[in-house]
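Structure assessment
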Amino acid sequence: MSDPVLRTENLTKRFGGLTATDNLSLSLRGGRLQAVIGPNGAGKTTFFNLISGLLKPDSGRVFFRDRDITGLRPHEISRLGIKRTMQIKSVFNQISVMENLWITRQASQRFLHPFRPASRDRATRERVEQVLEQIGMTALAHRIAGTLSYGDVAMLEIGMALISEPKLLLLDEPICGMSPAETERAVAKIRELARQVDIVIIEHDMEVVFGLADDITVLAQGAILATGSPEEISNHERVREAYLGRPEDEDYLEEAADA
Ligand SMILES: Nc1ncnc2c1ncn2[C@@H]1O[C@H](COP(=O)(O)OP(=O)(O)OP(=O)(O)O)[C@@H](O)[C@H]1O
Ligand SMILES: [Mg+2]
């Protein structure tokens, strides 16, 4: 069994009287695609915010490859190789797909190299082309981002997270709002990416989660309800209870458990 890539220990975050994450201890193994699921308000995005440094925990610690990264600032964590996409999509609408990737790449390197040698432009171009290929958007390289479909914006955002060669990629509901055809394409791409980079994905669509993830962690009210393989999760009594009243998901769990 591989060493954990990411480990959290008793991670707690409160907003006033609300405990958004409650003593979360989680271990994410390398080479496995990990999903985090749970009802609205379960604390999934807060969990990502704590890992990526956007929020500081009230207590608990975060370790990335055995390094304690608790309390580091977002750009420091990003520089260590943890990149994320946001639940609310954000790309630069006025410029092309390629330029979005280019700018993100240059920005990520500015910390390391205050001057810009010409050779770096060539390296950047190569990297941009590589990522366009990885996200399946080579044909859309020159399209203005503001004119893209929702699914393509989501893929571009993944590309922007990928461009600086992350070691760990946190995807916050990348599929949300996609058409069925876009979903199918995105799932295939994410599966391909998972062979090159460790991925944690927050996702609402049960079919996507069960088709994609190696390991699933279920959050409810900030705490871990269960962790296991898709099969274990679909048979888990308390998980099924947590999803009661969501007929679509209930049906899906039913089918998955019977399969
Ligand atoms: N900055 C904040 N200030 C106050 N409360 C917050 C803040 N961020 C999150 N919360 C609250 O913490 C709880 C967990 O929110 P979070 O966004 O982590 O949930 P989530 O699991 O990502 O939900 P969703 O599926 O809707 O995205 C919610 O009750 C939310 O209202
Ligand atoms: Mg969220």
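Residues numbered from 1 in each chain as written. Chains lettered and ligands numbered in written order. Predicted model: local features only at pLDDT ≥ 70, side-chain atom pairs only at ≥ 80, totals over all residues.

Turning to the sheet that holds strand E3 (residues 34-37), a few remarks are in order. Where strands meet in a sheet, backbone hydrogen bonds hold them as pairs that are either parallel or antiparallel. Read from one edge to the other, the open sheet built from six strands follows the order E6-E7-E8-E3-E9-E10, with strand pairing classed as mixed. Of all strands in the sheet, those bounded by a partner on one side alone are strand E6 (82-84) and strand E10 (223-228). Each adjacent strand pair in this sheet contributes to an overall mean axis angle of 20 degrees, direction not counted. Of the strand pairs in this sheet, E6 and strand E7 (residues 168-172) are connected by three bridges, and their pairing is parallel. Residue pairing across strands places lysine 83 opposite leucine 169, the latter belonging to E7. Contacting E3, E6, E7, strand E8 (198-202) and strand E9 (215-220), helix H1 (residues 44-51) crosses the sheet at an angle of about 150 degrees to E7. (Pairing = 2+ DSSP bridges. Helix = DSSP H or I, 4+ residues; strand = E, 2+ residues; numbered from the N terminus. Axes fitted to C-alpha atoms, helices over the stretch in contact; angles between N-to-C directions. Contact = placed C-beta atoms within 7 Å.)

The next subject is the sheet that holds strand E5 (residues 67-68). One open sheet holds the four strands; their spatial order is E2-E1-E4-E5, and the pairing between them is antiparallel. Bordering the open sheet on either side are strand E2 (18-29) and E5, each of which pairs with just one other strand. The pairing of strand E1 (residues 4-15) with E2 spans eight bridges and is classified as antiparallel. Of the residues in E2, the one forming a bridge with phenylalanine 15 is leucine 18. Running at roughly 65 degrees to E2, H1 makes contact with E1, E2 and strand E4 (59-64) of the sheet.

Moving on, we come to the packing of helix H5 (residues 150-162) against helix H6 (residues 180-193). Running from amino to carboxyl end, H5 crosses H6 at an angle of 15 degrees, the nearest separation of the two axes being 10 Å. Judged by the inter-axis angle, H5 sits roughly parallel to H6. Judged by the twist between their axes, the crossing of H5 over H6 is right-handed. Contact residues: H5 offers Gly151, Ala154 and Met155, while H6 offers Glu182, Ala186 and Lys189. Considered class by class, the residues forming the contact of H5 with H6 number three nonpolar, one polar and two charged. (Parallel < 35°, antiparallel > 145°, perpendicular 65-115°, else oblique. Left-handed = near helix turned anticlockwise from the far one by under 90°. Nonpolar A, V, L, I, M, F, W, Y, C, P; charged D, E, K, R; others polar.)

Within H1, eight of the eight residues are buried, leaving the element largely enclosed by the surrounding structure. Lys44, Thr45, Thr46, Phe47, Phe48, Asn49, Leu50 and Ile51 are the residues of H1 that are buried. Looking at the residues trailing H1, positive phi occurs at glycine 53, about 85 degrees. (Buried ≥ 20, exposed ≤ 12 C-beta atoms within 10 Å, placed from the backbone.)

Glancing now at the site of ligand 1. All residues adjacent to ligand 1 are Phe15, Leu18, Ala20, Gly38, Asn40, Gly41, Ala42, Gly43, Lys44, Thr45, Thr46 and Gln87. Secondary-structure elements contributing two or more residues to the shell around ligand 1 are E2 and H1. A per-element tally of the shell around ligand 1 places H1 first, with three residues. (Near = placed C-beta within 6 Å.)

Next up on the list: the environment of isoleucine 233. Examined against the element boundaries, isoleucine 233 turns out to sit in helix H8 (residues 230-234). You can call isoleucine 233 buried: it has 26 C-beta atoms within 10 Å. For the pair formed by isoleucine 233 and glutamine 87, sequence separation is 146 residues and the distance between their alpha carbons is 24 Å. Excluding anything up to four places from it in sequence, isoleucine 233 contacts Ile216, Val218, Ala226, Gly228 and Val239.

This brings us to the pairing of E4. In this structure, E1 lies alongside E4, joined through five bridges in antiparallel fashion. Across the sheet, leucine 6 pairs through a bridge with phenylalanine 64, a residue of E4. Bridging between E4 and E5 involves two bridges; their strand directions are antiparallel. In the sheet register, phenylalanine 64 faces E5, and the bridge partner there is arginine 67. The hairpin formed by E4 and E5 contains two residues between the paired strands, and arginine 65 there has a positive phi angle of roughly 45 degrees.

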